Amino acid sequence: MAAVRSMNKMYGVCFHVVRQTAGLKVSRLLQHRAFRVGAVQRQQPFDSTLEKPQFPGASADFVDQLDFIQPNVISGIPVYRVMDRQGNIINPSQDPQLSKETVLNFYQKMTLLNTMDRILYESQRQGRISFYMTNYGEEGTHIGSAAALDPNDIVFGQYREAGVLMYRGFPLDLFMAQCYANADDLGKGRQMPVHYGSKDLNFVTISSPLATQIPQAAGAAYALKRENMNRAVICYFGEGAASEGDAHAGFNFSATLECPLIFFCRNNGYAISTPTNEQYRGDGIAARGPGYGMLSIRVDGNDVFAVYNATKEARRRAVAENQPFLIEAMTYRIGHHSTSDDSSAYRSVDEVNYWDKQDHPISRLRHYMTTRGWWSEDDERSWRKQSRKTVMEAFERAEKRLKPNVELMFTDVYQEMTPGLNKQRESMWRHVQQYKEHYPLDLYDK
Amino acid sequence: MRPTQKMNLFQSVTSALDNTLASDPTAVIFGEDVAFGGVFRCTVGLRDKYGKDRVFNTPLCEQGIVGFGIGAAVAGATAIAEIQFADYIYPAFDQIVNEAAKYRYRSGNLFDCGNLTIRAPWGCVGHGSLYHSQSPEAFFAHCPGIKVVIPRSPVQAKGLLLACIADQNPCIFFEPKILYRAAVEQVPVEPYTIPLSQAEILQEGSDVTLVAWGTQIHVMREVANMAQEKLGVSCELIDLQTILPWDTETVCKSVVKTGRLLISHEAPITGGFAAEISSTVQEECFLNLEAPISRVCGYDTPFPHIFEPFYIPDKWKCFEAIKKMINY
């Protein structure tokens, strides 16, 4: 009885507080409950005269009633939001009251991303690039979180965070160069499309294996903590990748080693064709946070202000208190997983249309802007025209550019060229010279 | 004359780590149980000397240890990760092969984890059985982008470990655990490095080239003496030291001279690193060979417990292999 009561009390207090105050204050309450702040757990001296458990592994009370703790999936962790589905502010105290210029920039970045996605998806269909992944429906998670960070914060992504890079100022030409793997690609043409990276913008190059970035983010955050230069790390991943062992490793390490880090889970309902009810049975990803001793929140990922507020507060506290935060941004993947996927094979057009028409981060923000007289139909028309034009111009430039010099196949394996690789390189060129009519040399830079 | 101190192999490792923590403020050492000094005492005294933010325990999770190490290195720290036994490195295989090894190449040199060094106790120890005796170098030899290094003695261990730490590529440093206490030398107290990817000729000879690394070098030294005394055969003994990228030039030059090659390692023979050496040498030195290249290695079984004396490539097996090559 006592166990159930105390568990109910824990969840009950949470909900009580949520009803009373909303959003961010929940995390403060959860913190009082947390059994770590700052340093290592203090070892209490063992005293068997006390009827309190003395186990080093947990501090709790004894109970003499057999009860299993119920996982709370029916009414799980609530979803923090600032705007309703139309884009009206619900609780004015939660409106971050960003400037018109900032909000317009949010909108323009989200729509520019959307435009770039449409054009590059189409270009794959036409055989111009080999592969592409769109970000449809998740633009709010990218822009809201990116805007809440400092430009010197390091970003570790999965593959559906192009809006973060766009927000930071990565030019269209470089997005295109990577997708086309042309000679301007910072990655030197080595990876499939959408595997972007930028040292200047502190966006670590994307890699295909899922969740590998999660423990890496913990290590990077630890190094930044020691540097003590007010920098944080954010680590993006999907709800599917959260099933990987690396996710468990990363969460546990970041909590035990006290790292200034934000874990940002984009829960978009699908991992390719696998829906969430086949991915997990608990209350999503946010509910795992407390298991690691981590402060956690669930937000409406299609509400750019909710994402912004949560990320901003998490970032502030992660750096001030040297502890990780878990944000689960609920959203919906409107597009296919990639150009290699046709999602009509596993979900209905009606389901996709609901999200596209009734709960979209771009339209919700537009409503917020139009309500304030910040954006008109004319603005929309001319912006659409202008953004399409700039994307098409970048596209045409990327199309014409040669591919990187084939020499670059052999460099950067190690920092230095090795004798073995040198021999292979020379052997390759001799072969290609001899059989040159069979190799597409003209497409490559000399 | 550099000042030296009598050190065994684990003490020479501690010395290298001590030098590193002293000179590089970004250096951190982490892994299971490193805080109290480590299960093989390689990190004794370092936490007290340099602080708990620099020498610390991690949770029990090899994929986390290596992933964390990669991230720390990417962010600019000198990250020295300890895996408690090489036998337990496999959960980290994805992080090592798919991430660490490819970080620089895939990013077009925007990012790298060259500051990462992974250390792990390696090789047979008399009673280690399946999971405390493994020599996994062959798995990693197949992975462009990392370096794999194995010392034979305390002096080599300190110099090669410091070279790995300084090297701007992710390195795996396997430490022969049977030598931790057993091998004792006068080791320079100050830091020094021994070049990577350079095999060392320990003893010159004219009839047979012997190639090995780690503990097996000591076996081969005895074999060379036996061959000289009993067969009048002069052996050239080479310590490969770096498995990847390996020094093909030194080995091939030696085989051109002697015409015979014996490679020996504890790891199972099929797909073991001797196969790579053998393949390259026959390509480069085919017409110089007087006999087929000989490999004396572990059998293709998991490393057994009670049968260890029969499993290992001991001096009698190596001696017999030399006899066969000479009489071919």
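Residues numbered from 1 in each chain as written. Chains lettered and ligands numbered in written order. Predicted model: local features only at pLDDT ≥ 70, side-chain atom pairs only at ≥ 80, totals over all residues. Heavy atoms only, no water.

Per an unreviewed UniProt entry, the recorded name for chain B is 2-oxoisovalerate dehydrogenase subunit beta, mitochondrial, and the organism is Sander lucioperca. As stated in UniProt under Subcellular location (unreviewed entry), the record for chain B gives "Mitochondrion matrix". UniProt lists a comment for chain B under the heading Catalytic activity (unreviewed entry), and it reads "N(6)-[(R)-lipoyl]-L-lysyl-[protein] + 3-methyl-2-oxobutanoate + H(+) = N(6)-[(R)-S(8)-2-methylpropanoyldihydrolipoyl]-L-lysyl-[protein] + CO2". (UniProt positions renumbered as here; feature names shortened; annotations may be inferred.)

An unreviewed UniProt entry lists chain A under the name 2-oxoisovalerate dehydrogenase subunit alpha, with Sander lucioperca as the source organism. Per UniProt, the comment on chain A under Cofactor (unreviewed entry) is "thiamine diphosphate". According to UniProt, the comment filed for chain A under the heading Subcellular location (unreviewed entry) is "Mitochondrion matrix".

## Some details on the environment of Ala 224 of chain B
Residues and elements named next belong to chain B. Topologically, Ala 224 is positioned in helix α9 (residues 216–231). Taking the C-alpha atoms as reference points, Ala 224 and Asn 8, 216 residues apart in sequence, are found 25 Å from one another. Beyond its immediate sequence surroundings of up to four residues, Ala 224 is in contact with Gln 203, Leu 210, Val 233 and Cys 235. (Helix = DSSP H or I, 4+ residues; strand = E, 2+ residues; numbered from the N terminus. Contact = heavy atoms within 4.5 Å.)

## With respect to helix α11 (residues 273–285) of chain B
Compared with the 18 Å implied by 1.5 Å per residue over 13 residues, the 18 Å span of α11 of chain B between its first and last C-alpha is a close match. Here α11 of chain B has its buried residues at Phe 273, Ala 274, Ile 277, Ser 278, Thr 280, Val 281 and Cys 285 of chain B. (Expected span 1.5 Å × (residues − 1). Buried < 20%, exposed > 50% of the residue type's maximum accessible area, 1.4 Å probe, protein only.)

## A short note on the UniProt feature "domain: Dehydrogenase E1 component" (unreviewed entry) in chain A
Within this structure's numbering, the places UniProt gives as "domain: Dehydrogenase E1 component" (unreviewed entry) are residues 108–406 of chain A. Within residues 108–406 of chain A, the helical portion is 45% and the strand portion 11%, while the C-alpha atoms at the span's ends are 38 Å from each other.

## Here we look at unusual backbone geometry
Of note, the amide linkage connecting Leu 244 of chain B to Pro 245 of chain B takes the cis form, showing an omega dihedral of -10°. In this model, Lys 188 of chain A sits at a positive phi of 60°, which is unusual for a non-glycine residue. Its place among the elements puts Lys 188 of chain A in the loop between α6 (172–180) and α7 (213–227). Taking the relative accessible area as the measure of exposure, Lys 188 of chain A reaches 24% and is therefore partly exposed. The phi dihedral of Glu 258 of chain A is positive, around 60°, even though this residue is not glycine. Within the secondary structure, Glu 258 of chain A is located in the loop between α8 (245–256) and β4 (261–267). Residue Glu 258 of chain A is classed as buried on the basis of its relative accessible area of 19%.

## Considering the UniProt feature "domain: Transketolase-like pyrimidine-binding" (unreviewed entry) in chain B
If you check UniProt for "domain: Transketolase-like pyrimidine-binding" (unreviewed entry), the listed places come out as residues 7–182 of chain B in our numbering. For residues 7–182 of chain B, the helix share is 38%, the strand share is 16%, and the end-to-end C-alpha distance is 10 Å.

## Side note on the layout of surface pockets
Put simply, the second largest pocket is a space of about 1200 Å³. Lining the second largest pocket are 43 residues, with Thr 418, Gly 420, Leu 421 and Gln 424 of chain A together with Leu 244 of chain B positioned closest to its centre. Residue assignment for the lining of the second largest pocket shows that the elements contributing at least two residues are α13 (419–434) of chain A together with α5 (103–106), α6 (137–141), α10 (248–258) and α11 of chain B. Per element, the largest residue contribution to the lining of the second largest pocket is 6 residues, and it comes from α11 of chain B. For the lining of the second largest pocket, the per-class residue count stands at 17 nonpolar, 15 polar and 11 charged. (1 Å grid on protein atoms, 1.4 Å probe; cavity = no way out; pocket = protein on both sides within 12 Å on 5 of 7 lines; lining within 4 Å. Points joined across faces, edges and corners; volume = space filled by probe spheres on them. Nonpolar A, V, L, I, M, F, W, Y, C, P; charged D, E, K, R; others polar.)

## Re helix α7 (residues 154–166) of chain B
Residue and element names in this part refer to chain B. If you check α7, its first and last C-alpha atoms are 18 Å apart, about what 13 residues at 1.5 Å a residue would give, namely 18 Å. Counting buried positions along α7 gives 11 out of 13 residues, so the element sits mostly inside the fold. Within α7, the full set of buried residues consists of Pro 154, Gln 156, Ala 157, Lys 158, Gly 159, Leu 160, Leu 161, Leu 162, Ala 163, Cys 164 and Ile 165.

## Points about the interface of chain A and chain B
With 42 residues of chain A at the interface, the matching set in chain B holds 46 residues. For the pairing of chain A and chain B, the buried interface totals around 3500 Å² over both sides, and the portion due to carbon and sulfur atoms is 60%. Three residues stand out in chain A for area buried against chain B, namely Arg 226, Phe 253 and Tyr 414 of chain A, and they jointly supply 19% of the buried area on that side. There are 2 salt bridges connecting chain A and chain B. Here Lys 147 of chain B makes a salt bridge to Glu 416 of chain A, at a shortest N to O gap of 2.6 Å. At the surface where chain A touches chain B, the tally comes to 21 residue pairs in polar contact (both at pLDDT 80 or more). (Buried area = accessible area lost by both parts, 1.4 Å probe. Salt bridge = Lys/Arg side-chain N within 4 Å of Asp/Glu carboxyl O. Polar contact = N/O pair within 3.5 Å; in protein donor to acceptor, adjacent residues only side chain to side chain.)

## Observations concerning a nonpolar patch on the surface
Residues and elements named next belong to chain B. On the surface, Ile 306, Phe 307 and Phe 310 cluster together to form a nonpolar patch covering roughly 390 Å² of accessible area. Its place among the elements puts Phe 307 in the loop between β14 (294–298) and α12 (308–311). By relative accessible area, Phe 307 is classed as exposed at 52%. (Patch = residues over 30% accessible without salt bridge, like charges linked within 9 Å, V, L, I, M, F, W, Y side chains within 5 Å. Areas by Shrake-Rupley, 256 points an atom, 1.4 Å probe, with all protein chains shown as cover.)

## Describing the nonpolar core
Counting 95 residues, the largest nonpolar core has Phe 237 of chain A together with Ile 96, Phe 174, Trp 213, Leu 240 and Ile 277 of chain B as its most contacted members. The element best represented in this core is α7 of chain A, accounting for 8 residues. Residues contacting Ile 96 of chain B, with those up to four places away along its chain left out, are Val 66, Ile 89, Ala 101, Ile 118, Phe 140, Ile 146 and Ile 172 of chain B. One finds Phe 131, Leu 172, Phe 203 and Phe 264 of chain A within the second-largest nonpolar core, a separate group that totals 75 residues. (Core = buried A, V, L, I, M, F, W, Y, C linked by side-chain atoms within 4.5 Å.)

## Brief notes about the state of the cysteines
Residue and element names in this part refer to chain B. For the structure on display, the rule yields 0 disulfides over all chains. The thiol of Cys 124 is unpaired, and the distance to the nearest cysteine sulfur, on Cys 318, comes to 12 Å. Under the relative-accessibility criterion, Cys 124 is labelled buried at 7%. (Disulfide = S-S within 2.5 Å.)

## A word on the packing of helix α3 (residues 100–125) of chain A against helix α11 (residues 361–371) of chain A
Residue and element names in this part refer to chain A. Interhelical geometry of α3 versus α11 gives an angle of 150° and a closest axis separation of 10 Å. Considering their axes alone, α3 and α11 lie roughly antiparallel with respect to each other. The two elements α3 and α11 cross, and the hand of that crossing is left-handed. Contact residues: α3 offers Val 103, Leu 104, Phe 106, Tyr 107, Met 110, Thr 111 and Asn 114, while α11 offers Pro 361, Ile 362, Leu 365, Arg 366, Tyr 368 and Met 369. Of the residues contributing to the contact of α3 with α11, the split by class is 10 nonpolar, 2 polar and 1 charged. (Axes fitted to C-alpha atoms, helices over the stretch in contact; angles between N-to-C directions. Parallel < 35°, antiparallel > 145°, perpendicular 65-115°, else oblique. Left-handed = near helix turned anticlockwise from the far one by under 90°.)

## Focus: the sheet that holds strand β2 (residues 154–156) of chain A
All names here are of chain A. Across the sheet, which stays open at both edges, the 6 strands sit in the order β1-β7-β8-β4-β3-β2 with parallel pairing between neighbours. Of all the strands in the sheet, just β1 (79–80) and β2 have a single pairing partner and so form its edges. Pairing geometry for strand β3 (residues 233–238) and β4, over 6 bridges, is parallel. Pairing of Phe 237 across the sheet is with Cys 265, part of β4. Each of β1, β3, β4, β7 (295–300) and β8 (325–330) is contacted by helix α9 (residues 304–321), which is oriented at about 165° to β7, the strand it contacts most. (Pairing = 2+ DSSP bridges.)

## Some points on the pattern of salt bridges
Residues and elements named next belong to chain B. Counted under the stated rule, the structure contains 41 salt bridges over all chains. Across the salt bridge formed by Asp 239 and Arg 152, the nearest N and O atoms sit 2.8 Å from each other. Of this pair, Asp 239 sits in strand β11 (residues 235–239) while Arg 152 sits in the loop between β6 (147–149) and α7, and the two are 87 residues apart along the sequence.

## Here's the deal with the pairing of β4 of chain A
All names here are of chain A. Within β4, 7 of the 7 residues are buried, which leaves the element mostly enclosed by the surrounding structure. A two-sided burial pattern is seen for β4, the buried positions comprising Leu 261, Phe 263, Cys 265 and Asn 267 on one face and Ile 262, Phe 264 and Arg 266 on the other. Traced from β3 through α8 to β4, the parallel crossover comes out right-handed. (Right-handed = clockwise from strand over helix to strand, strands pointing away.)

## Describing the confidence of the model for chain B
For chain B, per-residue confidence averages 98 on the pLDDT scale, and 100% of positions sit at 70 or higher. The complex prediction reports pTM at 0.94, with the ipTM value standing at 0.97. (pLDDT = per-residue confidence, 0-100.)

## Some remarks on the packing of aromatic side chains
Taken as a whole, this structure holds 35 aromatic pairs over all chains when the rule is applied. With a centroid separation of 5.4 Å and an interplanar angle of 70°, the aromatic rings of Phe 251 of chain A and Tyr 292 of chain A are classed as edge-to-face. A residue pair is termed long-range when its members are at least 10 positions apart, and Phe 251 of chain A in helix α8 and Tyr 292 of chain A in the loop between β6 (274–275) and β7 qualify at 41 residues. Aromatic side chains Phe 85 of chain B and Tyr 88 of chain B sit 5.7 Å apart centroid to centroid with 75° between the ring planes, which places their arrangement in the edge-to-face category. Positioned above the aromatic ring of Tyr 368 of chain A is the side chain of Arg 372 of chain A, whose terminal nitrogen or guanidinium carbon lies 3.6 Å from the ring centre. (Phe/Tyr/Trp six-rings, centres within 6.5 Å; stacked < 30°, edge-to-face > 60°. Lys NZ or Arg CZ within 6 Å of the ring centre and 35° of its normal.)

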